[in-house]
Amino acid sequence: MSQSNRRTFLMQVAAAGTALAATQAHAQVKLDEKDPQAVGLGYVHDTKKADKKKYPKHTNDQKCSNCALFQGKAADAWGGCPLFGAKQVAGPGWCSAWAKKA
Ligand code: SF4
């Protein structure tokens with residue numbers, strides 16, 4: 001590889017890396033129910049599937065979309081939740097930290 005080709009190549013690698021980082025930052029990563037933190041909080045994508053024995057206070061009308069912590073709009077299929085960092089939780093989902101939206 002000639003010196004100038006090498007430099008072009010390195011610049012392309014750097015540019016590709018930057019583009020990738022930008023994509024990842026904007027990627028809407030969905031929370032996995034098997035994520036250890038999700039398991040710890042009893043998170044499910046569908047509130048009806050919540051463990052009723054473990055969480056007797058759960059009711060099917062408690063959903064991420066009407067939780068005080070949900071960052072999406074009530075009609076959004078997915079939205080952010082500060083408990084799970086950058087990952088998105090399902091609008092119809094639920095976890096044991098559910099709190100009624102004021
Ligand atoms: S805290 Fe609320 S919005 Fe976040 S996962 Fe639990 S129920 Fe859903």
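Quantities reported herein were computed from a predicted structural model and do not represent experimental measurements. (Residues numbered from 1 in each chain as written. Predicted model: local features only at pLDDT ≥ 70, side-chain atom pairs only at ≥ 80, totals over all residues.)

A look at the overall build of the protein chain
Piece 1. Within the protein chain one finds 2 helices and 2 strands.
Piece 2. Reading the protein chain from its N terminus to its C terminus gives the helix and strand order α-α-β-β.
Piece 3. Every one of the 102 residues in the protein chain was classed for burial, and the buried ones make up 24%.
Piece 4. Put simply, 54% of the contacts in the protein chain that link residues at least 6 apart link residues at least 24 apart. (Helix = DSSP H or I, 4+ residues; strand = E, 2+ residues; numbered from the N terminus. Buried ≥ 20, exposed ≤ 12 C-beta atoms within 10 Å, placed from the backbone. Contact = placed C-beta atoms within 7 Å.)

Side note on the site of the ligand
Piece 1. Near the ligand you find 13 residues, and of these Cys64, Cys67, Cys81, Cys95 and Trp98 are the closest.
Piece 2. Across the shell around the ligand, the residue classes tally to 12 nonpolar, 1 polar and no charged. (Near = placed C-beta within 6 Å. Nonpolar A, V, L, I, M, F, W, Y, C, P; charged D, E, K, R; others polar.)

Describing the environment of Leu31
Piece 1. Mapped onto the fold, Leu31 is located in the loop between helix H1 (3-26) and helix H2 (36-40).
Piece 2. Judged by the 24 C-beta atoms lying within 10 Å of it, Leu31 is buried.
Piece 3. Separated by 49 residues in sequence, Leu31 and Gly80 place their C-alpha atoms 9.5 Å apart.
Piece 4. With near-sequence residues (within four places) excluded, Leu31 lies in contact with Ala38, Tyr43, Phe84, Lys87, Gln88 and Val89.

Some points on the nonpolar core
Soluble globular proteins tend to bury their nonpolar side chains together.
Piece 1. By size, the foremost hydrophobic cluster in this structure holds 16 residues, and its most contacted members are Leu31, Tyr43, Cys64, Cys81, Phe84, Val89 and Trp94.
Piece 2. Each residue touching Phe84, except ones within four places of it in the same chain, is listed here: Leu31, Gln37, Ala38 and Val89. (Core = buried A, V, L, I, M, F, W, Y, C linked by C-beta atoms within 7 Å.)

Concerning the environment of Gly93
Piece 1. By secondary structure assignment, the location of Gly93 is in the segment after strand E2 (88-90).
Piece 2. When the C-alpha positions of Gly93 and Asp46 are compared, they lie 4.4 Å apart, and in sequence the two are 47 residues distant.
Piece 3. Ignoring sequence-local partners within four residues, the contact set of Gly93 consists of Tyr43, Val44, His45, Asp46, Thr47, Lys63 and Cys64.

Looking at the environment of Trp78
Piece 1. If you trace the backbone, Trp78 turns up in strand E1 (residues 78-80).
Piece 2. Sequence spacing of Trp78 and Gly91 is 13 residues, and the spatial spacing of their C-alpha atoms is 5.2 Å.
Piece 3. If we skip the residues at most four places from it in the chain, Trp78 touches Gln28, Lys30, Gly72, Gln88, Val89, Ala90 and Gly91.

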